[in-house]
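Here is how the chains run, residue by residue.
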Amino acid sequence: DSGVTQTPKHLITATGQRVTLRCSPRSGDLSVYWYQQSLDQGLQFLIQYYNGEERAKGNILERFSAQQFPDLHSELNLSSLELGDSALYFCASSVGMVSNYGYTFGSGTRLTVV
Amino acid sequence: AQSVTQLDSQVPVFEEAPVELRCNYSSSVSVYLFWYVQYPNQGLQLLLKYLSGSTLVKGINGFEAEFNKSQTSFHLRKPSVHISDTAEYFCAVSGSGGYQKVTFGIGTKLQVIP
């Protein structure tokens, strides 16, 4: 157990629908990162939050949004889902804003859009 | 911006043989370098990291990596692999100092053959 908890582990939904993925960071970590992992594109950075505020954005679609709550858990909202959104979505956390401690990853949410 | 290239998508190797997984990076600034491992159906786990100092970095599970600034490489090595090392390995890079995004390579699948 890495200490980063992601729910649900698996999600199957239809095109056009909206889903919410949840992440609880490791105790003491203030930063949360969301990554999308697909076979053809590898691990793509989506967005980072630090202590409730958005800090960095990567290749995140406008249909996707995220937030970090006061208790530091984070949610990734994916709407108007398309078949191409099927992927593994990982949450990672770290102590601070900088990368030198490395990230702790959760075990991911596998999203299948049918 | 930084980028990272993992030169081999798959590396088959016999059990107890040595292995080297190659990683080259590109950056206009000083970097931090990381290797992560992903076992099947799990999130990524930090193997080792280079921040500064000695260019030979030792990590968990008997792995080590050497930072070579002139060749912009950070190859991962293990002198004798076990079946349990079968996994996907990701090289990652970020700029050093202040906030810097971490960029991951596409991954190398290590297949240890009994």
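Everything that follows concerns the structure shown earlier in this document.
Overview of the structure. (Residues numbered from 1 in each chain as written. Chains lettered and ligands numbered in written order. Predicted model: local features only at pLDDT ≥ 70, side-chain atom pairs only at ≥ 80, totals over all residues. Heavy atoms only, no water.)

**Some thoughts on the overall build of chain B**
Then comes step 1: Within chain B one finds zero helices and 12 strands.
Then comes step 2: Ordered by position from the N terminus, the helices and strands of chain B form the series β-β-β-β-β-β-β-β-β-β-β-β.
Then comes step 3: For chain B, the C-alpha radius of gyration of 14 Å lies close to 13 Å, the compact-globule estimate for 114 residues.
Then comes step 4: Across its three principal directions, the C-alpha atoms of chain B cover 45 × 30 × 20 Å.
Then comes step 5: For chain B, the exposed surface amounts to about 5,400 Å²; the carbon and sulfur share of it is 50%. (Helix = DSSP H or I, 4+ residues; strand = E, 2+ residues; numbered from the N terminus. Rg over C-alpha atoms; globule rule 2.2 N^0.38 Å. Areas by Shrake-Rupley, 256 points an atom, 1.4 Å probe, with all protein chains shown as cover.)

**Examining the packing of aromatic side chains**
Then comes step 1: All told, the structure shown has 14 aromatic pairs over all chains when counted by the stated rule.
Then comes step 2: Members of the aromatic cluster, each reached through a chain of ring pairs, are Tyr33(A), Tyr35(A), Phe45(A), Phe90(A), Tyr103(A), Phe105(A), Phe34(B), Tyr36(B) and Phe104(B). (Phe/Tyr/Trp six-rings, centres within 6.5 Å; stacked < 30°, edge-to-face > 60°.)

**What to know about the interface of chain A and chain B**
Then comes step 1: Counting from both sides, the interface comprises 20 residues of chain A and, opposite them, 20 residues of chain B.
Then comes step 2: Around 1,600 Å² of area is buried between chain A and chain B when both sides are counted, 59% of it from carbon and sulfur atoms.
Then comes step 3: Ranking the residues of chain A by area buried against chain B places Leu43(A), Ser99(A) and Asn100(A) at the top, with a combined share of 29%.
Then comes step 4: Here chain A is connected to chain B by zero salt bridges.
Then comes step 5: Counting across the chain A and chain B interface gives three residue pairs in polar contact (both at pLDDT 80 or more).
Then comes step 6: Counting only elements with at least two residues in the side of chain A that touches chain B, the list comes to β4 (31-38) and β5 (42-50) of chain A.
Then comes step 7: A per-element tally of the side of chain A that touches chain B places β5(A) first, with four residues.
Then comes step 8: Class assignment of the residues belonging to the side of chain A that touches chain B gives a composition of 10 nonpolar, nine polar and one charged. (Contact = heavy atoms within 4.5 Å. Buried area = accessible area lost by both parts, 1.4 Å probe. Salt bridge = Lys/Arg side-chain N within 4 Å of Asp/Glu carboxyl O. Polar contact = N/O pair within 3.5 Å; in protein donor to acceptor, adjacent residues only side chain to side chain. Nonpolar A, V, L, I, M, F, W, Y, C, P; charged D, E, K, R; others polar.)

**A look at the layout of surface pockets**
Then comes step 1: In this model, the largest pocket occupies a volume close to 760 Å³.
Then comes step 2: Lining of the largest pocket is provided by 29 residues; of these, Gln37(A), Leu88(A), Arg110(A), Gln38(B) and Glu88(B) occupy positions nearest its centre.
Then comes step 3: Those elements giving two or more residues to the lining of the largest pocket turn out to be β4 and β9 (87-94) of chain A together with β10 (87-95) and β12 (108-113) of chain B.
Then comes step 4: Of the residues that constitute the lining of the largest pocket, the class distribution is 10 nonpolar, 15 polar and four charged.
Then comes step 5: There is about 320 Å³ of room inside the second largest pocket.
Then comes step 6: Taken together, 17 residues form the lining of the second largest pocket, with Asp1(A), Ser2(A), Phe105(A), Gly106(A) and Ser107(A) sitting closest to its centre.
Then comes step 7: Elements with a contribution of two residues or more to the lining of the second largest pocket: β1 (5-7) and β10 (104-105) of chain A together with β6 (44-50) of chain B.
Then comes step 8: Residues that form the lining of the second largest pocket fall into these classes: five nonpolar, 10 polar and two charged. (1 Å grid on protein atoms, 1.4 Å probe; cavity = no way out; pocket = protein on both sides within 12 Å on 5 of 7 lines; lining within 4 Å. Points joined across faces, edges and corners; volume = space filled by probe spheres on them.)

**Focus on the sheet that holds β1(A)**
The strands that make up a sheet are held in pairs by hydrogen bonds between backbone atoms, and each pair lies either parallel or antiparallel.
Residues and elements named next belong to chain A.
Then comes step 1: Reading across from one edge, β1-β3-β8-β7 is the order of the four strands in this open sheet, with antiparallel pairing throughout. In the strand order of this sheet, the two ends are held by β1 and β7 (64-68), each with one partner. With strand direction ignored, the average angle separating the axes of adjacent strands in the sheet is 15 degrees.
Then comes step 2: Bridging between β1 and strand β3 (residues 19-24) involves three bridges; their strand directions are antiparallel. Across the sheet, Thr5 pairs through a bridge with Ser24, a residue of β3. (Pairing = 2+ DSSP bridges. Axes fitted to C-alpha atoms, helices over the stretch in contact; angles between N-to-C directions.)

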